[in-house]
Amino acid sequence: MEETYKNKHTEESNDPAHYNLIVIGIVVGLIGVFLRFAGSWMFIDAISNILLIIGIVISLKAVLRILK
């Protein structure tokens, strides 16, 4: 019974959807970092900070799903 639980848990951890979500989070975070250095528009700092935080939250959510 315990072995079945471990196999099921391993299969859920290796689900490609988790890793796709991590990649999306990293891309969003990198866009935020790029906008930080892109120029000095009116609200670019706020937008870049928001995108960076959204990217961090998405990535952490995916990592915590894998660890769960």
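Residues numbered from 1 in each chain as written. Predicted model: local features only at pLDDT ≥ 70, side-chain atom pairs only at ≥ 80, totals over all residues. Heavy atoms only, no water.

Caption draft 1: How the structure looks around the overall build of the protein chain. A tally of regular secondary structure across the protein chain gives 3 helices and 0 strands. Taking all 68 residues of the protein chain together, the buried fraction comes to 21%. When contacts within the protein chain are restricted to residue pairs at least 6 apart in sequence, long-range pairs at least 24 apart make up 55% of them. Just so you have it, the protein chain exposes about 5,500 Å², and 70% of that area is on carbon and sulfur atoms. (Helix = DSSP H or I, 4+ residues; strand = E, 2+ residues; numbered from the N terminus. Buried < 20%, exposed > 50% of the residue type's maximum accessible area, 1.4 Å probe, protein only. Contact = heavy atoms within 4.5 Å. Areas by Shrake-Rupley, 256 points an atom, 1.4 Å probe, with all protein chains shown as cover.)

Caption draft 2: Fine view of the packing of helix H2 (residues 16–38) against helix H3 (residues 44–67). One way to put it is that H2 packs onto H3 with a least axis distance of 7 Å and a crossing angle of 160°. Taken as axis vectors, H2 and H3 run roughly antiparallel relative to one another. Crossing of H2 against H3: the hand is left-handed. (Axes fitted to C-alpha atoms, helices over the stretch in contact; angles between N-to-C directions. Parallel < 35°, antiparallel > 145°, perpendicular 65-115°, else oblique. Left-handed = near helix turned anticlockwise from the far one by under 90°.)

Caption draft 3: Representation of the environment of Val28 in the model. Relative to the helices and strands, Val28 resides in helix H2. Counting along the chain gives 23 residues from Val28 to Leu51, while the straight-line C-alpha distance between them is 6.2 Å. Among all residues touching Val28, those that are not within four sequence positions of it are Leu51, Ile54 and Gly55.

Caption draft 4: Spatial organisation of the environment of Ile24. Tracing the backbone shows Ile24 in helix H2. Linking Ile24 and Gly55, residues 31 residues apart in sequence, is a C-alpha distance of 7.6 Å.

Caption draft 5: Inspection of the environment of Ile58 at higher detail. Note that Ile58 resides in helix H3. Beyond its immediate sequence surroundings of up to four residues, Ile58 is in contact with Leu21 and Gly25.

Caption draft 6: Just a nonpolar patch on the surface, in detail. Residues Val23, Val27 and Ile31 make up a contiguous nonpolar surface patch of about 240 Å² in total accessible area. When you line up the elements, Ile31 lands in helix H2. (Patch = residues over 30% accessible without salt bridge, like charges linked within 9 Å, V, L, I, M, F, W, Y side chains within 5 Å. Salt bridge = Lys/Arg side-chain N within 4 Å of Asp/Glu carboxyl O.)

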